Amino acid sequence: MIYQIYPRSFQDSNGDGVGDLAGIARRLDHVAALGVDAVWLSPIFPSPMADFGYDVADYCDIDPLFGDLAAFDALLEAVHARGLKLLLDYVPNHTSDQHPWFKESRASRENPKRDWYVWRDPAPDGGTPNNWTSDMGGSSWEFDAGTGQFYLHAFLREQPDLNWRNPQVRAAMLDVLRFWLDRGVDGFRIDVLWHCFKAAGLPDNPPNPDYRPELGEKFAVLQTNSANQPEIHQLAAEFRTMADTYGERLLVGEVCLPVPSLMQYYGSDAAPGVHLPFNFQLLDTPWQARALADMIVAYEAALPPGGWPNWVIGSHDAPRIAARVGEAQARVAMMMLLTLRGTPTLYQGDELGIGKVTIPPDRVRDPQDLRQPGLGLGRDRSRTPMPWDGSTHAGFSEAEPWLPLNDDWHTRNVATQERDPGSMLVLTRTLLRLRRDLAALSLGGFRLIHADDAVLCYARAELVVALNLTGEAQDCPVAGTPLLSTLRTPFIAGMLRPDEGVILIPEL
Ligand code: NOJ
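Please read these numbers as outputs of a predicted model, since none were measured by experiment.

**Brief notes about the site of the ligand**
- D51, H94, D191, H316 and D317 are the nearest of the 14 residues found near the ligand.
- In the environment of the ligand, an oxygen atom lies 2.9 Å from a nitrogen or oxygen atom belonging to the side chain of H94.
- Summarising the interface, the protein chains cover 97% of the accessible area of the ligand, which totals 300 Å² for the free molecule.
- A breakdown of the residues in the shell around the ligand according to their chemical character gives 4 nonpolar, 3 polar and 7 charged.

In structure tokens, the structure reads:
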């Protein structure tokens with residue numbers, strides 16, 4: 001069970017309105033009390049923050065906004081002292097344009113680091129070298145007047161893509177992993193792993209026949225040639241082999257691809273991949289029992305031998321689950337996330353059921369939103385500060401936080417929910433305790449029992465999970481003794497009340 005912390009928004013300790021490492025250390029009791037196994041920190045490295053840390057200017061240090069290496073070591077020690085593991089965010093596809101490597105690379109065509117990034121001449125008509133579009137909107141190419149060539153950036157122009165075909169890049173970036181592993185970290189979440197290799201020759205991408213501009217320009221073309229190239233699996237194997245030399249370490253790969261391609265990131269005996277290629281399908285599947293059942297069964301069936309499943313239902317990039325399915329269903333969603341087979345990743349604040357957040361236009365910070373306004377692509381709504389209590393700025397900071405709090409922070413905060421046995425926080429803790437105590441939930445096999453328009457029901461070894469995905473009462477497909485209901489009042493035999501999920505010991 002992984003808990004994702006977005007460091008800017010967890011806890012501020014120095015009154016600048018932005019979270020930091022000392023703040024995280026102060027709030028570790030909350031993390032430990034949840035009952036998770038590992039913490040993943042979004043990037044904490046020196047960065048101009050064009051993409052809030054996913055634009056790294058130095059892979060082997062800490063941004064002063066978050067602290068320094070001493071604060072990091074102290075945090076790592078505190079995490080380990082609680083029996084937890086710490087995962088860092090490794091961003092291999094691109095650096096910041098302020099990284100010394102890129103500054104050198106753009107200094108001249110002859111610079112020894114020129115080939116560390118992807119540079120190309122303009123097309124004969126002076127236009128971009130090909131038709132690739134950036135995930136943040138617009139072309140993937142930025143013209144550099146100083147040297148008369150374009151450089152490639154899959155994301156912001158401030159995030160130039162590294163050239164992983166260059167052996168020096170490979171060596172330097174593997175050294176980065178060693179640097180942190182030597183310091184004692186337990187693994188990495190690898191940012192946009194599937195992007196690192198592009199097709200040789202950089203041919204145009206095919207146009208997307210189903211392009212809908214309202215979803216963002218990144219979908220104007222299919223990313224056939226700009227991502228997911230076969231060479232990536234050799235690189236993943238290299239990451240894995242190296243991490244394995246440190247003993248029990250975890251690699252989680254961010255891979256947004258259809259299931260057959262996703263599965264390749266588990267690798268093979270000859271070329272092992274990452275342990276967990278992130279499975280984002282709970283975010284993409286309609287919140288409907290049959291659709292979810294089909295997706296879960298297909299995912300389970302596609303896993304390679306020995307491939308361990310995993311589930312994600314929220315992140316700093318995705319809309320809040322409670323905003324998407326509503327507050328009542330968010331409790332059902334939590335039960336699903338924590339009872340499916342495999343490692344769940346829980347995003348900070350989802351344990352409180354944070355849903356509605358209003359970001360006034362003058363407080364929008366997300367570069368993706370600012371570049372493509374009006375499309376509703378804003379990620380700020382998921383990045384708002386943790387509400388800890390009812391004090392000023394919800395106990396997050398003594399200063400005005402960098403993003404507004406959730407609208408209902410006066411009542412929806414950790415302190416209030418700790419006191420309320422029926423709260424989302426207590427439900428989350430209880431589910432995690434059951435997962436820990438009952439091998440059926442942590443290790444037991446998965447078997448679909450029933451799915452119709454309203455109810456999804458599955459077995460985990462000898463236990464049964466029945467979820468009502470609607471606001472109307474339904475028959476419970478399996479009779480049994482309840483272990484836990486998502487509702488605050490006792491289970492009623494034979495039925496699932498509106499928005500109820502239950503874990504049952506079935507009658508034989
Ligand atoms: C995925 C990260 O989760 C997202 O926040 C970031 O903008 C892109 N990768 C680029 O690094």
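Here the narrative resumes.
**So, the domain arrangement of the chain**
- Here the domain parsing of the chain yields domain 1 (2-94 + 167-430), domain 2 (100-152) and domain 3 (446-506).
- Computed from C-alpha coordinates alone, the two centres of domain 2 and domain 3 are separated by 55 Å.

**Some words on the packing of helix 3 (residues 69-81) against helix 5 (residues 167-183)**
- In contact at an axis separation of 11 Å, helix 3 and helix 5 are set at 55° when each is read in the N-to-C sense. Here helix 3 lies oblique to helix 5, going by the angle between them. Residues L69, F72, D73 and L76 of helix 3 form the contact with helix 5, whose participating residues are F179, W180 and R183.
- Partitioning the contact of helix 3 with helix 5 into residue classes produces 5 nonpolar, no polar and 2 charged.

**Examining the state of the cysteines**
- Taken as a whole and judged by the stated rule, the model has 0 disulfides.
- Free cysteine C476: the closest other cysteine sulfur is in C457, separated by 6.2 Å.
- What makes C476 buried here is its relative accessible area of 11%.

**So, the packing of aromatic side chains**
- For the coordinates displayed, the defined rule picks out 20 aromatic pairs.
- With centroids separated by 5.5 Å and ring planes inclined at 70°, the aromatic side chains of W119 and Y151 adopt a geometry described as edge-to-face. Taken together, the residues span a long stretch of sequence, with W119 in strand 4 (residues 119-120) and Y151 in strand 6 (residues 149-152) at a distance of 32 residues. Each member of the pair, W119 as well as Y151, is classed as buried.
- On the numbers, 5.9 Å between centres and 80° between planes, the contact of W164 with F239 is edge-to-face. In this pair, W164 is assigned in the loop between strand 6 and helix 5 and F239 in helix 6 (residues 231-244), connecting sequence segments 75 residues apart.
- Judged by its relative accessible area of 1%, W164 falls in the buried class.
- The structure contains a cluster of three or more aromatic residues connected by ring pairs, namely F45, F72, F179 and W180.
- Against the face of W402 rests R8, its NZ or CZ located 4.1 Å from the ring centre.
- In this arrangement the basic side chain of R114 is found over the ring face of W119, its NZ or CZ atom lying 3.6 Å from the centre.

**Here's the deal with the environment of G146**
- When you line up the elements, G146 lands in the loop between strand 5 (141-144) and strand 6.
- Its relative accessible area of 72% is what places G146 among the exposed residues.
- Measuring from C-alpha to C-alpha, the distance between G146 and L403 comes to 37 Å, with 257 residues separating the pair along the chain.

Each value, and the rule that gives it
Residues numbered from 1 in each chain as written. Predicted model: local features only at pLDDT ≥ 70, side-chain atom pairs only at ≥ 80, totals over all residues. Heavy atoms only, no water. Near = heavy atom within 4 Å. Polar contact = N/O pair within 3.5 Å; in protein donor to acceptor, adjacent residues only side chain to side chain. Areas by Shrake-Rupley, 256 points an atom, 1.4 Å probe, with all protein chains shown as cover. Nonpolar A, V, L, I, M, F, W, Y, C, P; charged D, E, K, R; others polar. Domains from an automatic or database assignment. Axes fitted to C-alpha atoms, helices over the stretch in contact; angles between N-to-C directions. Helix = DSSP H or I, 4+ residues; strand = E, 2+ residues; numbered from the N terminus. Parallel < 35°, antiparallel > 145°, perpendicular 65-115°, else oblique. Contact = heavy atoms within 4.5 Å. Disulfide = S-S within 2.5 Å. Buried < 20%, exposed > 50% of the residue type's maximum accessible area, 1.4 Å probe, protein only. Phe/Tyr/Trp six-rings, centres within 6.5 Å; stacked < 30°, edge-to-face > 60°. Lys NZ or Arg CZ within 6 Å of the ring centre and 35° of its normal.

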